[in-house]
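Reading the structure
What follows is the residue order along each chain.
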Amino acid sequence: MMASVVRWRSSLSAPAQASGGADAANGLRLRLGMSDDNDGPRAHEEAYIGLGSNLQLPVEQLQRAFEELARLPGCHLTGRSTLYESRPLGPPGQPDYVNAVARILTRLAPLPLLHELQGIERVHQRVRGERWGPRTLDLDLLLYGQSTIETAELRIPHPGLH
């Protein structure tokens, strides 16, 4: 099945922009027109994950990542945005990105969830190099319930939402 990609017309960032915190979560729910799947188990916290790729068949990378998110232990994929295309914020000369947002319910705490997301990135051969450089898959934990977290490893809400 071929996924459609919407061209995002903002030069700033993806539609995940919001004012932060609860407002950001509400903004994501409203603006992304998430498709709901409420048949799954109730989980502890609602979390939003940003997905992006601009290397090695980005649409397929995101489709596989959605499938892998749905299989994470202690998590249930409850919504997903449409795919959209955006220009890279980083170094010139790289291809445009294909992006999306996933909504999950999770029993995982924020840091273990982040580590699971990084594991998915490794499966997709993500190489951490140049800041905002090209990548096979980028998974960002955007929001985790109403939490605000500031550590060296994790910032929630994600800085890109402000």
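Look up: the structure comes first, before these words.
All of the points below concern the structure found in this document.

**Considerations on the overall build of the chain**
If you tally the helices and strands in the chain, you get three helices and eight strands. Counting every position in the chain, which comprises 162 residues, the buried fraction comes to 47%. In the chain, 71% of the contacts between residues at least 6 apart in sequence involve partners at least 24 apart. Carbon and sulfur atoms make up 53% of the accessible area of the chain, which totals about 8700 Å².

**What about helix α3 (residues 110–123)?**
Taking 1.5 Å of rise per residue, 14 residues should cover 20 Å, and α3 covers 20 Å from first to last C-alpha, within 8% of that figure. Among the residues of α3, those classed as buried are P110, L113, L114, L117, G119, I120 and E121. Positive backbone phi, approximately 60°, marks Q125, located one or two places after α3.

**Comments concerning the packing of aromatic side chains**
Going through the model one piece at a time under the given rule, you end up with zero aromatic pairs. Just above the ring of F66 sits the side chain of R80; from NZ or CZ to the centre is 3.8 Å.

**Thoughts on the environment of S147**
Inspection of the secondary structure puts S147 in the loop between β6 (138–144) and β7 (149–150). With sequence-adjacent residues up to four places away left out, S147 is seen in contact with I156 and P157.

**Brief notes about helix α2 (residues 58–70)**
Its 13 residues place the ends of α2 18 Å apart at the C-alpha level, agreeing with the 18 Å of an ideal helix rising 1.5 Å per residue. Every buried residue of α2 is accounted for by P58, V59, Q61, L62, A65, F66, E68 and L69.

Cut-off values and rules
Residues numbered from 1 in each chain as written. Predicted model: local features only at pLDDT ≥ 70, side-chain atom pairs only at ≥ 80, totals over all residues. Heavy atoms only, no water. Helix = DSSP H or I, 4+ residues; strand = E, 2+ residues; numbered from the N terminus. Buried < 20%, exposed > 50% of the residue type's maximum accessible area, 1.4 Å probe, protein only. Contact = heavy atoms within 4.5 Å. Areas by Shrake-Rupley, 256 points an atom, 1.4 Å probe, with all protein chains shown as cover. Expected span 1.5 Å × (residues − 1). Phe/Tyr/Trp six-rings, centres within 6.5 Å; stacked < 30°, edge-to-face > 60°. Lys NZ or Arg CZ within 6 Å of the ring centre and 35° of its normal.

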